[in-house]
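# Geometric and topological summary
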Amino acid sequence: MDFDSFSHGQIRSKLWLANRIDPYMGKKAVILGSWHNITAFILKIRGVTSHFTGIDANPEVKPIADKICDTWRIEGSVENITCDAKNIPVEYDTVINCSSEHMTTEWFENIKQGTLVCIQSSNIVDPNHPWYVVTPSPDIESFKQKYNLSTTLFCDTLRIQYNDWGYDRYMLIGYK
């Protein structure tokens, strides 16, 4: 198993998201590019009662996401499916995407107006391994313009710093 979903930057980003989105969460949320679905795990541990569907295009991550979210999957409040994020096959009132830099913006274009969205990205623009950035946001202004919301509830930057290297993580929460 690739344990990078538990890396410092990944967990800090997910905890930041959980601290900010909790008051706005709807009853049914979809997490795009869910990978091992650590986002649902963290939100469920915090007592968020929403139903979560994790969607990832890579079929190899589903068994791991299922195991990580096993308690809530068995209880019926978390499911993980394999499909393309731009073709969401479930009903939802909240869309979470912590992987927006790794996919084109088609997923956002297909979201219904008035839907709550939480989007994260970073200022990393490297398209090569290990970053695989497809849709870069070199600064928070370009990120906000790319995901134009009708109502913004939260927009900020979280600095992830390591000794002599670091990056900025952006997050938008609001209604499309």
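Refer to the preceding data block for the structure.
Notes on the structure in this doc start here. Just so we're clear, the structure is a prediction, and the values are computed from it rather than from any experiment.

So, about the state of the cysteines. With the rule as written, the count across this model stands at 0 disulfides. Cysteine Cys69 remains unbridged, with the sulfur of Cys98 as its closest cysteine sulfur at 13 Å. Among the residues examined, Cys69 registers a relative accessible area of 0% and is labelled buried. No disulfide involves Cys83; its sulfur sits 16 Å from that of Cys69, the nearest cysteine.

For the rest of this paragraph, the subject is a nonpolar patch on the surface. On the surface, Met1, Phe3 and Phe6 cluster together into a nonpolar patch covering about 350 Å² of accessible area. Mapping Phe3 onto the fold places it in the segment before α1 (8-21). The exposure class assigned to Phe3 is exposed, which follows from its relative accessible area of 56%.

Our next topic: the pairing of strand β7 (residues 165-175). Most of β7 sits out of view: 8 of its 11 residues are buried. Looking at chain direction, strand β5 (residues 116-122) and β7 are connected through 7 bridges and run antiparallel. The residue bridging Leu116 from the neighbouring strand is Tyr175, located in β7. Bridge analysis of strand β6 (residues 151-162) against β7 gives 11 bridges, and the strand direction is antiparallel. When the sheet's bridge partners are listed, Thr151 is paired in β7 with Tyr175. Connecting β6 to the antiparallel partner β7 that follows it, the hairpin turn spans 2 residues.

This next bit is on α1. Spanning 14 residues, α1 covers 20 Å between terminal C-alpha atoms, matching the ideal 20 Å at 1.5 Å per step. Within α1 the residues assigned to the buried category are Gly9, Ser13, Lys14, Trp16, Leu17, Ala18 and Ile21. Looking at the buried residues of α1, the elements they touch are α2 (38-45), β4 (94-97), β5, β6 and β7.

Turning our attention to the pattern of salt bridges. Applying the stated criterion across every chain, the model contains 9 salt bridges. Here Asp66 makes a salt bridge to Lys62, at a shortest N to O gap of 2.6 Å. A residue pair is termed a helical-turn pair when its members lie 3 or 4 positions apart in one helix, as Asp66 and Lys62 do in helix α3 (residues 62-68) at 4 residues. Of the residues examined, Asp66 reaches a relative accessible area of 11% and is grouped as buried. Members of the salt-bridge network, linked through shared partners, are Lys62, Asp66, Asp70 and Arg73.

Below, the discussion takes up the side chain of Ser13. Within the secondary structure, Ser13 sits in helix α1. The buried category is assigned to Ser13, whose relative accessible area is 2%. Leaving out residues up to four positions away in the same chain, Ser13 has contacts with Gln120, Leu158 and Arg169.

Let us look at the sheet that holds strand β3 (residues 78-82). The sheet built from 7 strands is open, its strands ordered β3-β2-β1-β4-β5-β7-β6 with mixed pairing. The strands lining the two open edges of the sheet, one partner per strand, are β3 and β6. Each neighbouring strand pair of the sheet contributes to a mean axis angle of 15 degrees, computed without reference to strand direction. Of the pairings in the sheet, the one linking β4 to β5 comprises 4 bridges and is parallel in character.

Rules behind the numbers
- All residue numbers here refer to positions counted from 1 along the written sequence of the relevant chain.
- Side-chain atom pairs in this predicted model are given and counted only at pLDDT of 80 or more, local residue features only at pLDDT of at least 70, and totals for whole chains, interfaces and linings cover all residues.
- Water and hydrogen atoms were dropped before computing side-chain values, which therefore reflect all heavy atoms in the structure.
- Two cysteine sulfur atoms form a disulfide, by the criterion used here, when they sit within 2.5 Å.
- Only protein chains enter the calculation, and the probe is 1.4 Å; a residue is then buried if its accessible area is under 20% of its type maximum, exposed if over 50%, and partly exposed in between.
- Each patch groups residues whose relative accessible area exceeds 30% and which form no salt bridge, using 9 Å between like charges and 5 Å between nonpolar side chains of Val, Leu, Ile, Met, Phe, Trp and Tyr.
- Areas reported here follow the Shrake-Rupley algorithm with a probe of radius 1.4 Å; residue values treat only the protein chains shown as occluding.
- Any Lys or Arg side-chain nitrogen located within 4 Å of an Asp or Glu carboxyl oxygen qualifies as a salt bridge.
- Strands are runs of DSSP state E lasting at least 2 residues, helices are runs of H or I lasting at least 4, and numbering of each runs from the N terminus.
- Strand pairing is defined by DSSP finding a minimum of two bridges between the two strands.
- Helix span, expected: 1.5 Å multiplied by one less than the number of residues in the helix.
- A contact between two residues is defined here by any heavy atoms of the two lying within 4.5 Å.
- In this analysis, axes come from line fits to C-alpha atoms, helices being fitted only over the stretch in contact, and the angle between any two N-to-C directions falls in the range 0 to 180 degrees.

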